[in-house]
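Working through the structure, step by step
Now for the letters of each chain:
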Amino acid sequence: MDEENSTLLRWPVIILLVSCTILLAVVAFSQRDKIWALIHPDSNNDQTERRQYLNAELKTANDALASGDFLQAASTTRKILAESDPEKDSSAYFNASSVLALSEFLAGSKEQRIGAIRLTKQNFLSQDGNARRQASEINILLGYIRSANEQYVFEEVFSGEPFQKFFVKDKRLKSIKNLAEYSYGLDTSTEALYRIADYQRSIVLNSSGALEKKKAIDATVQTLHKADLLYPRELAEVKGLPFDYMVELRYYLWESYIYGELALADPVYLDISEKMSDKMFNLYETRRDASGNKIALIAARVTDVYLNYARYLYTVKGMSRIDDVRSHLDSLIAVINEHPSWHQGSYLALVRKMATDGIAGKRSRSYQQYVELANIHEPFKRFLESYGWTAANFK
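For every chain, the first residue of the written sequence is number 1, and numbering continues from 1 onward in sequence order. With pLDDT at 70 or above as the cut-off, local features in this predicted model cover only qualifying residues; side-chain atom pairs require 80 or more to be listed or tallied, and sums for whole chains, interfaces and linings still use all residues. To get the side-chain values, take all heavy atoms of the structure and skip hydrogens and water.

1. A word on the nonpolar core
The test is simple: Remark: nonpolar core denotes a set of buried residues (Ala, Val, Leu, Ile, Met, Phe, Trp, Tyr, Cys) joined through side-chain atoms within 4.5 Å. Partly exposed residues are those whose accessible area sits between 20% and 50% of the maximum for their type, while under 20% is buried and over 50% is exposed, using a 1.4 Å probe and protein chains only. Strands are runs of DSSP state E lasting at least 2 residues, helices are runs of H or I lasting at least 4, and numbering of each runs from the N terminus. We call two residues in contact whenever any of their non-hydrogen atoms come within 4.5 Å of each other.
Counting residues in each nonpolar core, the largest one holds 71 residues, and the members touching the most others are Tyr 347, Tyr 370, Phe 380, Phe 383, Leu 384 and Trp 389. Sort the elements by how many residues they give to this core and helix α12 (residues 245–263) lands first, with 13 residues. Phe 380 has contacts with Leu 307, Leu 329, Leu 332, Ile 333, Tyr 347, Tyr 370, Leu 373 and Ala 374, leaving out every residue within four places of it along the chain. Counting 43 residues, the second largest nonpolar core, distinct from the first, contains Ala 74, Ile 114, Ile 138 and Leu 173.

2. Describing the packing of helix α10 (residues 190–206) against α12
Our working definition: In this analysis an axis means a line fitted to C-alpha atoms, helices contributing only their contacting stretch, and an angle means the value between N-to-C directions, from 0 to 180 degrees. Should an angle lie under 35 degrees it is considered roughly parallel, over 145 roughly antiparallel, and from 65 to 115 roughly perpendicular; all remaining angles are considered oblique. Crossing handedness is read from the near helix: turned anticlockwise from the far helix by less than a right angle, it gives a left-handed crossing, and turned clockwise, a right-handed one. Residues are grouped as follows: Ala, Val, Leu, Ile, Met, Phe, Trp, Tyr, Cys and Pro are nonpolar; Asp, Glu, Lys and Arg are charged; all remaining types, including Gly, are polar.
As a packed pair, α10 and α12 sit with axes 10 Å apart at the nearest point and diverge in direction by 10 degrees. Comparing their axes, α12 and α10 come out roughly parallel. α10 and α12 meet at a crossing whose hand is left-handed. For the pair α10 and α12, the contacting residues are Thr 190, Glu 191, Tyr 194, Arg 195, Ala 197, Asp 198, Arg 201, Val 204 and Leu 205 in the first and Arg 250, Tyr 251, Trp 254, Glu 255, Tyr 257, Ile 258, Glu 261 and Leu 262 in the second. Its residues assigned to classes, the contact of α10 with α12 shows nine nonpolar, one polar and seven charged.

3. Focus on the side chain of Glu 57
On the secondary structure map, Glu 57 appears in helix α3 (residues 46–67). Other than its neighbours up to four places away in sequence, Glu 57 contacts Thr 76, Lys 79 and Ile 80.

4. Section: the packing of aromatic side chains
For clarity, the cut-off: Each pair of aromatic rings taken from Phe, Tyr and Trp, with Trp reduced to its six-membered ring, is defined by centres within 6.5 Å and is described as stacked if the planes are under 30 degrees apart, edge-to-face if over 60, and tilted in the remaining cases. The rule is short: NZ of Lys or CZ of Arg within 6 Å of the ring centre and within 35 degrees of the ring normal puts a charge over the ring.
This model, assessed by the stated rule, comprises 19 aromatic pairs. Ring pairs connect the aromatic residues Tyr 367, Tyr 370, Phe 380, Phe 383, Tyr 387, Trp 389 and Phe 394, which therefore count as one cluster. One residue, Lys 165, lies across the ring of Tyr 182, its end atom 5.9 Å from the ring centre. Positioned over the ring face of Phe 394 is Lys 381, at 5.0 Å from the centre of the ring.

5. Examining the confidence of the model for the chain
Worth spelling out the cut-off: By definition, pLDDT measures how confident the predictor is in each residue, and it falls between 0 and 100.
Mean pLDDT over the chain stands at 85; residues scoring 70 or higher make up 86%. For the chain, helix α1 (residues 3–9) is the element with the lowest average pLDDT, namely 39, and helix α18 (residues 378–385) is the one with the highest, namely 97. Within the model, pLDDT remains below 50 along residues 1–17, and this stretch shows 69 contacts once partners closer than five positions in the same chain are excluded. Contacts for the low-pLDDT stretch residues 28–43, under 50 throughout, to residues beyond four places or in other chains number 15 contacts.

6. Considerations on helix α7 (residues 131–147)
The condition is simple: Multiplying one less than the number of residues by 1.5 Å gives the expected span of a helix.
The first and last C-alpha atoms of α7 sit 24 Å apart over 17 residues, in line with the 24 Å expected at 1.5 Å per residue. Counting buried positions along α7 gives 14 out of 17 residues, so the element sits mostly inside the fold.

7. Section: unusual backbone geometry
Residue Pro 162 follows Glu 161 across a cis peptide bond; omega there is 5 degrees. In this structure, Pro 162 sits in the loop between α8 (151–157) and α9 (172–186). In this structure, Asp 170 takes a positive phi of about 65 degrees despite not being glycine. Turning to its location among the elements, Asp 170 is positioned in the loop between α8 and α9.

The structure is reproduced here in structure tokens:
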């Protein structure tokens, strides 16, 4: 499998998943000031009031970002940057700059996305000596690459030092793996490990010999086990904070995906993928926001899990699990139909792009699998047709 098809086989646009690091950092900053107020109850000086004001503004930007109002998030963060001092208000300034970059990337044009990448790089360079923040900024850059399957994004991320030295010509996934290893060396994180594992599983699917394939599988599983060990720590760090579910989401999403990909080479891993997929489905159904509603951040990602797991089941088990395959496709359609606006820039954008590419003759392995699933489940075919697919796409 070539790297282009391998990239398309992964889930579509990340959208809000890459905001997890920023969202949790902003929340942590807010919580820190609450603790400060408890320790210093009589501290009513200008500095305390200023910190409280910046916290409130950051929360406004944070809420706007989480709800998908990227323009409001960008506007609020620009206000924070204009009113804060990079040195005196370093945490607020850094977090606001990160939120601004992400908001611009998610909502913007090509020029805005390039600007967002450059701003994130500036944030990275500004945190010299703070390895954890630098690792977080690199993870955001890695998220940009996944969120937009555009060559210009990839090229911009790997331009300039120190990023250029991790680039390998014509080796997209290896370049991403190299940058992820750099991030992991700065500060251990499941985010970096999953991108390393993604590269390793691509070797599995491209291996021809049995021994080579086994070595690649073992290496991938070993990396996933490292992530398993880090996951409880990362979960504990955000316990009880807003957006704590983002850590769970990331864990289930990656684990279901990579083990599912491994199952294409060795069916023994399908059970683990199914277990993680079920956990993701349960997270979507049971977690609610303050108003008791389902959460857009989770909904935007559960569609990928429904589609991917239907694909794994059909490829590995064939007609013996056809009822489950169809059930997952029905669930995918139901999630999107419940709140179509939550998916316009992510999953539905991918579906429309694939329709256009298919007519133009650009038919990747991922595209062919969509056609196969449509052929065995008429409601899925009608769903694709409602978002731009025509009879010519299915020929």
